[in-house]
Structure formats: structure tokens, C-alpha cells
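# Examining the three-dimensional arrangement
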Amino acid sequence: RKTELMDCKVWSLFHDTRISGFIINAVNSSNNNRPITKVFNFTDKTKLNYIEFRVSRLKNYMGNTGHIITVENVTDREVEKRKEKRAESFSALTALTAGMAHEIKNPLGSISIYLQLMKKQLSKTGTITDPDEFRHKLTDKVDILSAEVERLNNIIVDFLATIRPRKLSLMPYSINDIVKDVINLTGPELKSRHIDIKLMLEENMPLIMLDKQYIRQVITNLVINARDAMKKKGKG
């Protein structure tokens, strides 16, 4: 009854502390010249409903006289918004997965090439004249294969980090060393595509605080993009 509501604080009428807390904060806000809104969800049996509360300041020619609180069922709007968000998330995940497949393909290509080189080298064991040089060359290839396996693992870790972002691991590194590392790994594949590499590195570069894993991936992507841009010419 009207008499029972006289001098009653409006937020006390709501048993849901989420709503009462929101109304108290909105009414007492020092910056509520604009309406303050918030959407709450409620489960009605098996259906999820969304109710929007809007608190607006009521003014007259003498100044503020109070507030107006409006309540609206916005279930259809919120359901549609969430459908669009899921569609966007699915699209982003599809693009991310396609990018991951592209990234995995490159180290697999390098591994395949180095295995072919090792097979070719091992087929000539009967004609070895310098065992130390033979062992050194073979060890270099094994090291590169190990690095490519690690790179594959890092790609998986990066993919998971994209879903569950990890903190940057900043350490002082030489950018030149990272560039050389990338070229060392991608060189055989580029050579098989008749692409020559000429390194022109600035000497005496200072160490830079960076995340080696991410910067290495950035440089690798630049090399891959350059490689793909030269596909039509066949060499570069």
C-alpha cells in the first residue's frame, strides 16, 4: 500500500543485494548527470532473463529533486548480443587456428629438409675423409632439428598463451643473435626455393630488454612473408 511505502528507501524494496547495491551507488554517485545503467540476469525456472535497471537524475528549475528508476526486460537484446559475441569469438578462433597451422607448417618444412640433408650425408659414410668434420656437420643439423622441435613446442605454448595470456619474460638479448638464429633455421628451406639471404647487421648493437620467444616469432614471420612474396618470381 502507498502508506507503507512512504519514507521507504527504494533500494530496501529489493531482496537481491546486487540490485540494491547498484541503486545505492547510482543514487549517491557524484557524477550521475547521465543515466547509470546495469543489466542483471535472473533464472526463471529454465529460462535465463536479463533485466536492465536505469537510474536517472530528476531535475526541475530549482535543481535536483530526486531520481527516476526504470526497469526493462532486455532478454531478447542481450541474447542477440551474446550470439554475436560468440560468432565473433568463433571467427577469431578460426583465424587463430589457421594461423597456428601456418606456423606449424614452417618448422615442419625445415625439419623435413634437414632430415633429407642428413640422409644424404649419411649415405656417403663410406667416402668419409674427415670424420671430425663429418661429425661436426651432422651435429649442427641435429642441433637445428632440436631447435625446430622446440619451436613447434613454443608455437603450441603461444597458442595456449593466446587463450590464456601469459606474462612477458623480459631479458637482455642481442637482436642480432636472434636474427642470425632465425636465418640459420630458415636458410635451408629458403635455399631450396632458390632464395638467397644477405645479412647486413649493425655492429655493436646494445642488448635490448625483450621476450626472445615473441621477437623471434616476429622476425620469423617477416622472413616467411618475404619468402611468400617472392613465390611468383621463383627467386629473390
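For the structure itself, look to the data block above.
Presented here is a report on the structure given in the accompanying data block. (Residues numbered from 1 in each chain as written. Predicted model: local features only at pLDDT ≥ 70, side-chain atom pairs only at ≥ 80, totals over all residues. Heavy atoms only, no water.)

The next point concerns the pairing of strand 1 (residues 36-44). Here strand 1 runs beside strand 2 (residues 47-60); their pairing, made up of nine bridges, is antiparallel. By the bridge assignment for strand 2, D44 is matched with K47. Between strand 1 and the antiparallel strand that follows it, strand 2, lie two residues; K45 among them carries a positive phi value of about 60°. (Pairing = 2+ DSSP bridges. Helix = DSSP H or I, 4+ residues; strand = E, 2+ residues; numbered from the N terminus.)

A few words now on the side chain of K141. Checked against the element boundaries, K141 lands in helix 4 (residues 131-163). For K141, which is buried and forms no salt bridge, the nearest opposite charge comes from D140, at a distance of 7.1 Å. A distance of 3.3 Å separates a polar atom in the side chain of K141 from a polar atom in the side chain of Q121. Aside from chain neighbours lying at most four places away, what touches K141 is Y114, L117, M118 and Q121. (Buried < 20%, exposed > 50% of the residue type's maximum accessible area, 1.4 Å probe, protein only. Lys, Arg positive; Asp, Glu negative; His and termini not counted. Salt bridge = Lys/Arg side-chain N within 4 Å of Asp/Glu carboxyl O. Polar contact = N/O pair within 3.5 Å; in protein donor to acceptor, adjacent residues only side chain to side chain. Contact = heavy atoms within 4.5 Å.)

With respect to the helices, strands and loops of the structure, S20 is situated in helix 2 (residues 17-27). If near-sequence neighbours (up to four positions away) are discounted, S20 is found in contact with W11 and F14.

This brings us to a nonpolar patch on the surface. On the surface, L168, L170 and M209 cluster together into a nonpolar patch covering about 320 Å² of accessible area. If you trace the backbone, M209 turns up in strand 5 (residues 208-210). According to the relative accessible area criterion, M209 is exposed, its value standing at 53%. (Patch = residues over 30% accessible without salt bridge, like charges linked within 9 Å, V, L, I, M, F, W, Y side chains within 5 Å. Areas by Shrake-Rupley, 256 points an atom, 1.4 Å probe, with all protein chains shown as cover.)

Pairs can form between side chains of opposite charge once their charged atoms are near each other. Overall, the coordinates contain nine salt bridges when judged by the stated rule. Put simply, R18 and D16 hold a salt bridge, and the shortest N to O gap is 2.9 Å. Looking at D16, the relative accessible area reads 23%, which means it is partly exposed. What you see here is one network of salt bridges that share partners, running through E52, R54, R77, E78, K81 and R82.

What follows covers the packing of aromatic side chains. Scanning the entire structure with this criterion turns up three aromatic pairs. Note on F14 and F53: the rings are 5.6 Å apart at their centroids and 80° apart in plane angle, and the pair reads as edge-to-face. Here F14, found in the loop between helix 1 (2-5) and helix 2, pairs with F53, found in strand 2; they are 39 residues apart in sequence, far enough to count as distant. Owing to a relative accessible area of 27%, F14 belongs among the partly exposed residues under this scheme. Ring geometry for F22 and F40: centres 5.9 Å apart, planes at 70°, overall edge-to-face. Here the residue F22 occupies a position in helix 2, and F40 occupies one in strand 1, the gap between them amounting to 18 residues. Its relative accessible area of 4% is what places F40 among the buried residues. (Phe/Tyr/Trp six-rings, centres within 6.5 Å; stacked < 30°, edge-to-face > 60°.)

Attention now goes to the packing of helix 5 (residues 175-192) against helix 6 (residues 212-229). Packing of helix 5 against helix 6 leaves a shortest axis separation of 10 Å and a crossing angle of 40°. Considered as vectors, helix 5 and helix 6 are oriented oblique to each other. Two packed elements cross with a definite hand, and for helix 5 against helix 6 that hand is right-handed. Between helix 5 and helix 6, the contacting residues are I175, I178, V179, D181, V182, I183, L185, T186, E189 and L190 on the first element and K212, I215, R216, I219, T220, V223 and R227 on the second. Here the residues of the contact of helix 5 with helix 6 are counted per class, giving ten nonpolar, two polar and five charged. (Axes fitted to C-alpha atoms, helices over the stretch in contact; angles between N-to-C directions. Parallel < 35°, antiparallel > 145°, perpendicular 65-115°, else oblique. Left-handed = near helix turned anticlockwise from the far one by under 90°. Nonpolar A, V, L, I, M, F, W, Y, C, P; charged D, E, K, R; others polar.)

Turning to the environment of V39, a few remarks are in order. Turning to its location among the elements, V39 is positioned in strand 1. Taking relative accessible area as the criterion, V39 reaches 29% and is therefore assigned partly exposed. As a C-alpha pair, V39 and V71 span 32 residues in sequence and 9.7 Å in three-dimensional space. Contacts of V39, omitting those with residues within four sequence positions, involve Y50, I51, E52, V74, R77 and E78.

Interpretation note: all reported values are geometric properties and have no functional meaning in isolation.
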